[in-house]
Every structure is written in C-alpha cells, then in structure tokens.
Amino acid sequence: SDYFKIESGQTVIVPELIFTPFAPPNPESIQLGIAEGSSRVLTQIGQTTQLQVLGKFKTLPENCSLVGDSCDLTSKLKWTTYRSSNPKIASVNSDGLVTANGCGIALITAKNDGVTSVTKITISDADELTTVEGFVFDISGAPAVGAIIETQFGHEVVADENGYYSIEEVPAELGDIYLEFELPEPLSRFCKGPIKPVLGGITDAGIVTFRDNFPGPTVNLHTRSFNEVRVSLTAGRYIIIPISPADGGQFTAMHWWGRNSGCDANGRCRRGWIIHYRYSTSFTGNLVVSGSLWSTAEVAFNMGPRTLLDMPEDGEVRFWFEDSLYSDNLGGTSLRILPCD
C-alpha cells in the first residue's frame, strides 16, 4: 500500500493494497530521475512525463531489471510509492507517470522501503521557455570537455569537445537563471548567475573559465548544540548552496521540533524540515537564511534557498546555528560556497 500514519485514538482506513509475488527489495539507496525519451519540463496542461527509479543493492534481488549497475524499481510492483509536493501543479500516479495540472514547479518524491529520492518537475508555457547556451574552459584556457552544467531547475548537460553546451526547455518566467559548473578532474566548481533569461529565445550565458582547482569549501552545521564554522574567502562574488550527503555534505536538512505537525496535502508543515542557517561578514552584519517547512528532509533540501554573497575584499565568513532548546533538534544544514560570475 501507500504509506499511511497511525495516530493514537484514531481509526485508519488502509489504502488500496497491491499484491506482488516478490518481497520488498530493500535497496540501499534509490535515484529518481526522468525516463529516457521523457522531459522534466511540461508545456501543456494534461501533458505527461514518465519517471524512473533506479535502486542500488549490496546483493541484487530476484528478478532485477538491470539498468547499468542498478535495478529498475519504477513500477508499483517493485514497492515504490510516489508523492507530489503540489498536485495542483503536477500529480503522479502509482507507476511514476506525472501529469501537468498547472504552471509552476512541483517536487516528486519516490520512496521504497524507507529510502527516498526527489526530483523537480516544471510546468511552463512553451512560449515562456528559453535555451541557455555558452562555452566553458578550464584554468589553462582549453575547452572543459566533460564539464557538468546544471540549472537550479534540475537540467543537467555535459560540455562537448569545444567546451560548448546547450540546455533546452529552461523556464524563463520563474526569474533569473543560475548555472553550476563542475569539472571532475581535477575537481573544480564554479557558478554563473544571475542570468536574465530571454523569453522564447536563446539565452547567451557567455564564456565561463574556471578560476582555479576550487572544489568549494563545505560547511556542516549540526543542531545538537551551538556551533559555528568560519571560512576565509578572497574578494569576489559567491553563491551559497545547500548540499546533501549525496553531494558530500553531512546533512540533508534540519528539524527544530523532532516530529512534524500541521502538514497539509502538499507536504507544507507548521512544524517540519527546513534549510536554515545564520552567517555574517564584516561587510554584511548578521543575516538569517531560512527556507519553508516541509514534511520530509528531501523536499526541504530541494526547496532550500540559494544565497548570493559579495566579498568586496578578502575576509572571513562566519556560519552558525543557535536555538533556545537543542535536545529536540534533528539533522543539520550542509552548504557549499562556490565562486560566481
């Protein structure tokens, strides 16, 4: 069945039962993405796109449909369930088929035997999309062949032998575009933005050159006591982005109260998971960055805010977390700081 919650003194009607000939596969992790031939951007109400869930195992289960070194767990018969953060924008059925219901961004969560993964689906009018293109070079000035370029909407492409990339179907009506660049060997990261999108046309992101082999410092803030992390940065513009354990962080999100309450059908809560931290520099004073409250850490992470930081000269950035009561807190906030043009 779909997951359901039992509360003291209440009667629960169990959702529809699905009978399968195999036991739950018990994956170590799953990755939710877009199936081949489908798109993460839908341009018409009623249009559909198919998701795909791939699971990692220590020992492959019986009747595993291999995709690379993973098992395909997309079907409800493989014990995967789905949930949309906003069904008014995008709904999802029990086999991972997403239907566009309104314009905006929805997060789809897949869950299989306790492990989860989240992906973004965008619904936008076809006339309000743009294609982002540009070139990326390494620190020597050579084309950054194989560099990975990602938008904040979840698009991901790889630079070709000339360092050229083109990202199609990027929403242009949802505000400025930010691009994150990663060069695997040697590990370097960079950011480009904000970029003003060209509605219905080509958005030229220009030329990006990696400044140096800069993987970006990581900040991990636990919530069990007051703690702070100090990072020294040279003058320039930076972007602060939430990261998860999959990206090298320690945490996915944090929870002030230890358990959810007041959550609606879209997963928004009065008490729930959130990306939250404080930071200060000698140029900014003390600032608070806080996202929205959600029913799961994965959704809170995916909806976590990105923050631009301008350093007019070399200096130190102080990050910290504080609370009046620490004993009921869960998780924490992990961040990465990237140089940004």
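Source: prediction; values computed, not measured.

### Looking at the pairing of strand β23 (residues 276–281)
A large share of β23 lies buried, amounting to five of its six residues. In this structure, β23 lies alongside strand β24 (residues 285–290), joined through six bridges in antiparallel fashion. Residue pairing across strands places Y279 opposite L287, the latter belonging to β24. A loop of three residues connects β23 with β24, the two strands running antiparallel in sequence. In this structure, β23 lies alongside strand β26 (residues 315–321), joined through three bridges in antiparallel fashion. Considered in β26, the bridge of R278 is made with W320.

### Describing the side chain of K120
For K120, the location among the structural elements is in strand β10 (residues 115–123). The side chain of K120 is buried and forms no salt bridge, while E150, the nearest opposite charge, is found at 7.6 Å. Within the local environment of K120, its side chain forms a polar contact with the backbone oxygen of N302, the two atoms lying 3.5 Å apart. Discounting chain neighbours no more than four positions away, the residues touching K120 are R40, I105, A106, L107, Q152, F153 and N302.

### Topic: the packing of aromatic side chains
Considering all chains together, one arrives at eight aromatic pairs under this definition. Pairing Y165 with F181 gives two aromatic rings, centres 5.7 Å apart and planes at 75°, and the pair type is edge-to-face. Placement of Y165 in strand β14 (residues 164–171) and of F181 in strand β15 (residues 177–183) is noted, with a sequence separation of 16 residues between them. Each member of the pair, Y165 together with F181, is buried. Centroid distance Y277 to F319: 6.1 Å. Interplanar angle 50°. Geometry classified as tilted. Highlighted residues: Y277 in strand β23 and F319 in strand β26, separated in sequence by 42 residues. Using a relative accessible area of 0% as the deciding quantity, one classes Y277 as buried. A network of ring pairs unites the aromatic residues Y277, Y279 and F319 as a single cluster. Positioned over the ring face of W320 is R318, at 3.9 Å from the centre of the ring.

### Comments concerning the sheet that holds β15
If you walk across this open sheet you meet the four strands as β13-β12-β15-β16, and the pairing is antiparallel. Both edges of this open sheet fall to β13 (156–158) and β16 (188–195), since each of them pairs with a single strand only. On average, each strand axis in the sheet is inclined to that of its neighbour by 20°, with strand direction left out of account. As defined by bridge partners, strand β12 (residues 148–151) adjoins β15 across four bridges and the pair is classed as antiparallel. By the bridge assignment for β15, I149 is matched with F181.

### Details of the layout of surface pockets
Taken as a whole, the largest pocket spans an internal volume of roughly 1300 Å³. Lining of the largest pocket is provided by 37 residues; of these, E150, S244, A246, D247 and F301 occupy positions nearest its centre. Elements that contribute at least two residues to the lining of the largest pocket include exactly β1 (29–34), β10, β12, β15, β20 (236–242), α1 (297–302) and β27 (330–339).

### Some words on the environment of M311
Among the structural elements, M311 can be located in strand β25 (residues 307–311). With a relative accessible area of 2%, M311 lands in the buried category. For the pair M311 and S282, spaced 29 residues apart in sequence, the C-alpha to C-alpha distance is 9.5 Å. Beyond its immediate sequence surroundings of up to four residues, M311 is in contact with L233, T234, A235, G236, Y238, T281, F283, E316 and V317.

### What to know about the state of the cysteines
Summed over all chains, the structure comprises three disulfides. Across the disulfide from C191 sits C340; the S-S distance is 2.4 Å. Here C191, found in strand β16, pairs with C340, found in the segment after β27; they are 149 residues apart in sequence, far enough to count as distant. For C340, a relative accessible area of 2% puts it in the buried group. Across the disulfide, C263 is cross-linked to C269 (sulfur-sulfur distance 2.0 Å). On the sign convention where negative means left-handed, the S-S torsion of about 100° between C263 and C269 marks this disulfide as right-handed. In this structure C263 comes out as partly exposed when scored by relative accessible area, which is 35%.

Quick notes on the rules
- Residues numbered from 1 in each chain as written.
- Predicted model: local features only at pLDDT ≥ 70, side-chain atom pairs only at ≥ 80, totals over all residues.
- Heavy atoms only, no water.
- Buried < 20%, exposed > 50% of the residue type's maximum accessible area, 1.4 Å probe, protein only.
- Helix = DSSP H or I, 4+ residues; strand = E, 2+ residues; numbered from the N terminus.
- Pairing = 2+ DSSP bridges.
- Lys, Arg positive; Asp, Glu negative; His and termini not counted.
- Salt bridge = Lys/Arg side-chain N within 4 Å of Asp/Glu carboxyl O.
- Polar contact = N/O pair within 3.5 Å; in protein donor to acceptor, adjacent residues only side chain to side chain.
- Contact = heavy atoms within 4.5 Å.
- Phe/Tyr/Trp six-rings, centres within 6.5 Å; stacked < 30°, edge-to-face > 60°.
- Lys NZ or Arg CZ within 6 Å of the ring centre and 35° of its normal.
- Axes fitted to C-alpha atoms, helices over the stretch in contact; angles between N-to-C directions.
- 1 Å grid on protein atoms, 1.4 Å probe; cavity = no way out; pocket = protein on both sides within 12 Å on 5 of 7 lines; lining within 4 Å.
- Points joined across faces, edges and corners; volume = space filled by probe spheres on them.
- Disulfide = S-S within 2.5 Å.

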